[in-house]
Amino acid sequence: ALGNHGYGMVASYASGNLIGGPDAVDRNVISANLTGVLVNQPGADNNVVQGNWIGVDATGAGLLGNVEHGVQLWFAPHDNSILENVISGNGNCGIEGRTGATGNLVQGNLIGTDKHGTGTIGNAGAGIKILNGASSNLIGSNGDGTSDPLERNVIAGNAGDGVVIRASNNNT
């Protein structure tokens, strides 16, 4: 475990960044840090966290969790996308959105499983937690009535609840 004492990746007051990407060659292994990825502060908008292995080792099947969260959206980030990541084995939540996190999209992730979605590498807290005024975030299907497997998240094996929404409105 060669993690950092702080965060693995931070997008603070930053917009339009791509962390990872759709292809395996773009993947980051973000593990053994305080929190894996932090997107925070006003202006942290339109960032994409995609295709990364967060809280697992380089094989995608072994535990190498971050101390706290896999991905945290905090202090008013807007319209960010968390897509097609493995987010497992973290010391708290897989994904946490709080305090003004608005209009963010969470689709196609494996949360609490290995890279195949079949082995358990649970997060110690909830799979996804939305709280303290986070609003209008979309978890999973866009609601158009289709059953697109790329939109769904697999949320399993976590020590806490699969999805928690508390003191927040208009989340789907």
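Along each chain, numbering runs from 1 in the same order as the chain's sequence is written. Selection of residues for local features in this predicted model requires a pLDDT of at least 70, selection of side-chain atom pairs for listing and counting requires 80 or more, and totals for whole chains, interfaces and linings are taken over all residues. Only hydrogens and water are set aside when side-chain values are computed; all heavy atoms of the structure are taken into account.

Undergrad: Just to check I follow, could you spell out the overall build of the chain for this structure?
TA: Helix and strand definitions follow DSSP, with helices as H or I runs of at least four residues and strands as E runs of at least two, each counted in order from the N terminus. Of the regular secondary structure elements, the chain holds zero helices and 16 strands. Buried residues in the chain amount to 47% of all 172 residues. We call two residues in contact when some of their heavy atoms are within 4.5 Å. Restricting to contacts in the chain with at least 6 residues of sequence separation, those with at least 24 account for 80%. The accessible surface values rely on the Shrake-Rupley method and a 1.4 Å probe; as for residues, cover is taken only from the protein chains in view. Roughly 7400 Å² of accessible area belongs to the chain as shown, and the carbon and sulfur atoms make up 50% of that amount. Positive charge is attributed to Lys and Arg, negative charge to Asp and Glu, and no charge count is given to His or to the chain ends. To locate a charge, take atom NZ for lysine, CZ for arginine, CG for aspartate or CD for glutamate. A gap of 8 Å separates the mean positions of the 6 positive and 13 negative side-chain charges of the chain. Burial status follows relative accessibility: with a 1.4 Å probe on protein chains alone, a residue under 20% of its type maximum counts as buried, one over 50% as exposed, and anything between as partly exposed.

Undergrad: Got a minute to help me understand the sheet that holds strand β11 (residues 105-107) in this structure?
TA: For sheets, the rule is that strands pair by backbone hydrogen bonds, running either parallel or antiparallel. At least two DSSP bridges between two strands are needed for those strands to be called paired. Pairing is parallel across the open sheet formed by five strands, whose spatial order is β2-β5-β8-β11-β14. Across the chains shown, the open sheet's two edge strands, defined by having one partner strand only, are β2 (18-20) and β14 (138-139). Alignment of β11 against β14, held across two bridges, turns out to be parallel. Within β14, the residue paired with Val106 across the bridge is Ile139.

Undergrad: Help me out: how do you make sense of the sheet that holds strand β4 (residues 37-40) in this one?
TA: Across the sheet, which stays open at both edges, the six strands sit in the order β1-β4-β7-β10-β13-β16 with parallel pairing between neighbours. Across the chains shown, the open sheet's two edge strands, defined by having one partner strand only, are β1 (9-12) and β16 (163-166). Direction aside, neighbouring strands of the sheet carry axes that sit 5° apart on average. To get an axis, fit a line to the C-alpha atoms, keeping to the stretch in contact for a helix; angles then go from 0 to 180 degrees between the N-to-C directions.

Undergrad: Explanation requested: the pattern of salt bridges in the structure shown.
TA: Two side chains of opposite charge can pair, provided their charged atoms sit close to one another. A pairing counts as a salt bridge when a side-chain nitrogen of Lys or Arg comes within 4 Å of a carboxyl oxygen of Asp or Glu. The tally for this structure, following the rule as stated, stands at one salt bridge. In this structure, Glu96 engages Arg98 in a salt bridge whose closest nitrogen and oxygen atoms are separated by 3.4 Å.

Undergrad: Whenever I open this one, the nonpolar core confuses me. Can you help?
TA: The nonpolar side chains of soluble globular proteins are, as a tendency, buried together. To define a nonpolar core, start from buried Ala, Val, Leu, Ile, Met, Phe, Trp, Tyr and Cys residues and group those joined through side-chain atoms within 4.5 Å. Of all hydrophobic cores here, the largest spans 20 residues; its most connected members are Val37, Ile54, Val71, Ile82, Ile87, Ile95 and Ile128. Looking at this core, the elements with two or more residues in it are β4, β7 (71-74) and β13 (128-131). The contact partners of Ile82, leaving out residues within four places of it in the chain, are Val49, Val71, Leu73, Ile87, Ile95, Leu105, Val106, Gln107 and Asn109. Within the second largest apolar cluster, five residues are counted, among which are Trp53, Val56, Val86 and Ile121.

Undergrad: Please clarify how the environment of Val71 should be interpreted in this entry.
TA: Looking at where Val71 falls in the secondary structure, it is placed in strand β7. Relative accessible area serves as the criterion here: at 0%, Val71 is assigned to the buried category. If near-sequence neighbours (up to four positions away) are discounted, Val71 is found in contact with Val37, Ile54, Ile82, Ile87, Gly94, Ile95 and Glu96.

Undergrad: Help me understand unusual backbone geometry, please; the structure alone is not making it clear to me.
TA: One non-glycine residue, Tyr13, lies in the positive phi region at around 55°. Tracing the sequence through the fold places Tyr13 in the loop between β1 and β2. A relative accessible area of 58% means that Tyr13 is categorised as exposed.

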